[in-house]
Amino acid sequence: MPPIDPPAAYADVVARIARAAQAAGRDPRDVELVAVSKTQPWDAIAPVLAAGQKVFGENRVQEAMERWAERREGLTLHLIGPLQSNKAKEAVAFFDVIETLDREKIARVLAEEIQKAGKAPALYVQVNTGEEPQKAGVSPADADAFIAAARSTYGLNPVGLMCIPPAEEPPGPHFALLAKVAARNGLAKLSMGMSGDFETAIRFGATSVRVGSAVFGARG
Ligand SMILES: *Cc1c(COP(=O)(O)O)cnc(C)c1O
């Protein structure tokens, strides 16, 4: 992949999001771009920040803190990678949104840390729509029970669902499944769609798309 010019690529992605929303009869303001800055050099991120992007996604707690702690003001940071329980305290303190609530142990630890911190990030439950053994997320069959347990057992209040469809399958059915599980559980937010499929995700109701390489260039 040739190097891209991040400000131009960013403007292009923003325009494509708006067009996809309009084509789906949706208000473009109802689809948020989470710019996935993981592993990107600061030279690629700075111009996107300067262009006005305020919402960023990161995979790892430590890396996110190194990149953003000194320039945290006014930004909204999403944790989109797997969360280890020994990082839950830092994650609750640092992130506005944690998209990877995916097992009871993490629900319990997050509930404890939220209690202690007196502040709660917005939480998404990650669903492994393709039931891939190597991928995190609750299976679609277990999602209703898991969401119910998050609410009643742990007192958490998830706002939405997140998925990463299998790379080798058409993503549409996975996005449709995520939307269905969210609707029957009364969850309004859908984090779905990445560089290769965000327009499809918007058609299926994504309220946020997580786009990395199409904005910043291929990761090293
Ligand atoms: C890296 C990553 C993305 C961004 O992927 P691109 O294909 O570069 O847009 C989105 N979501 C998650 C969970 C990721 O880990």
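Here, the structure is the one placed above.
Notes on the structure in this doc start here. Every value quoted in this text rests on a predicted model; they were computed, and no experiment measured them.

Among the residues of helix H2 (residues 42-50), those classed as buried are Ala44, Ile45 and Val48. Down the axis of H2, the buried set is contained in an arc of 90°. They therefore lie on one face. Summarising the geometry of H2, the exposed residues directed more than 90 degrees from the buried face are Asp43 and Ala50. Summarising the contacts, the buried residues of H2 are in contact with helix H1 (6-23), strand S2 (55-58), helix H3 (61-68) and helix H9 (213-216). Among the residues trailing H2, Gly52 stands out with phi positive, at a value near 115°.

Our next topic: the site of the ligand. Taken together, 13 residues lie near the ligand, and Lys38, Ser195, Gly212, Ser213 and Arg219 sit nearest. Taking Ser195, its side chain carries an N or O atom lying 2.5 Å from an oxygen atom of the ligand. In the environment of the ligand, an oxygen atom lies 2.8 Å from a nitrogen or oxygen atom belonging to the backbone of Ser213. Protein contact buries 90% of the 390 Å² of open area that the ligand shows by itself. By residue class, the composition of the shell around the ligand is 6 nonpolar, 4 polar and 3 charged.

Now for the packing of aromatic side chains. All told, the structure shown has 3 aromatic pairs when counted by the stated rule. A ring pair is formed by Phe56 and Trp68, whose centres lie 4.6 Å apart and whose planes are at 35°; its orientation type is tilted. Taken as a pair, Phe56 in strand S2 and Trp68 in helix H3 lie far apart in primary sequence, 12 residues in all. Of the two residues, Phe56 and Trp68, both sit in the buried class. A cation sits over an aromatic face here: Arg71 above Trp42, 3.5 Å from the ring centre.

Considering soluble globular proteins, one finds that nonpolar side chains tend to be buried as a cluster. Formed by 59 residues in total, the largest nonpolar core has its most connected members in Phe56, Phe95, Leu101, Leu110, Leu156, Leu161 and Val209. Top contributing element to this core by residue count: helix H5 (residues 104-117), with 6 residues.

What follows concerns the side chain of Glu99. Mapped onto the elements, Glu99 comes out in strand S4 (residues 97-101). Summary of buried charges: Glu99 has no salt-bridge partner, and the nearest side chain of opposite charge, Arg210, is 4.2 Å away. Side-chain polar atoms of Glu99 contact the side chain of His78, separated by 2.7 Å. Those residues in contact with Glu99 that sit more than four places away from it in its chain are His78, Leu79, Ile80, Tyr124, Val125, Gln126, Met162, Ser191 and Arg210.

Our next topic: the side chain of Glu58. Within the secondary structure, Glu58 sits in strand S2. Judged by its relative accessible area of 1%, Glu58 falls in the buried class. Looking at Glu58, its side chain comes within polar contact range of the side chain of Ser37, at 2.7 Å. Setting aside residues up to four positions removed in sequence, Glu58 forms contacts with Ser37, Lys38, Glu63, Ala64, Arg67, Trp68, His78, Leu79, Ile80, Gly81 and Phe95.

Procedures and definitions
Residues numbered from 1 in each chain as written. Predicted model: local features only at pLDDT ≥ 70, side-chain atom pairs only at ≥ 80, totals over all residues. Heavy atoms only, no water. Buried < 20%, exposed > 50% of the residue type's maximum accessible area, 1.4 Å probe, protein only. Helix = DSSP H or I, 4+ residues; strand = E, 2+ residues; numbered from the N terminus. Arc of directions from axis to C-beta. Contact = heavy atoms within 4.5 Å. Near = heavy atom within 4 Å. Polar contact = N/O pair within 3.5 Å; in protein donor to acceptor, adjacent residues only side chain to side chain. Areas by Shrake-Rupley, 256 points an atom, 1.4 Å probe, with all protein chains shown as cover. Nonpolar A, V, L, I, M, F, W, Y, C, P; charged D, E, K, R; others polar. Phe/Tyr/Trp six-rings, centres within 6.5 Å; stacked < 30°, edge-to-face > 60°. Lys NZ or Arg CZ within 6 Å of the ring centre and 35° of its normal. Core = buried A, V, L, I, M, F, W, Y, C linked by side-chain atoms within 4.5 Å. Lys, Arg positive; Asp, Glu negative; His and termini not counted. Salt bridge = Lys/Arg side-chain N within 4 Å of Asp/Glu carboxyl O.

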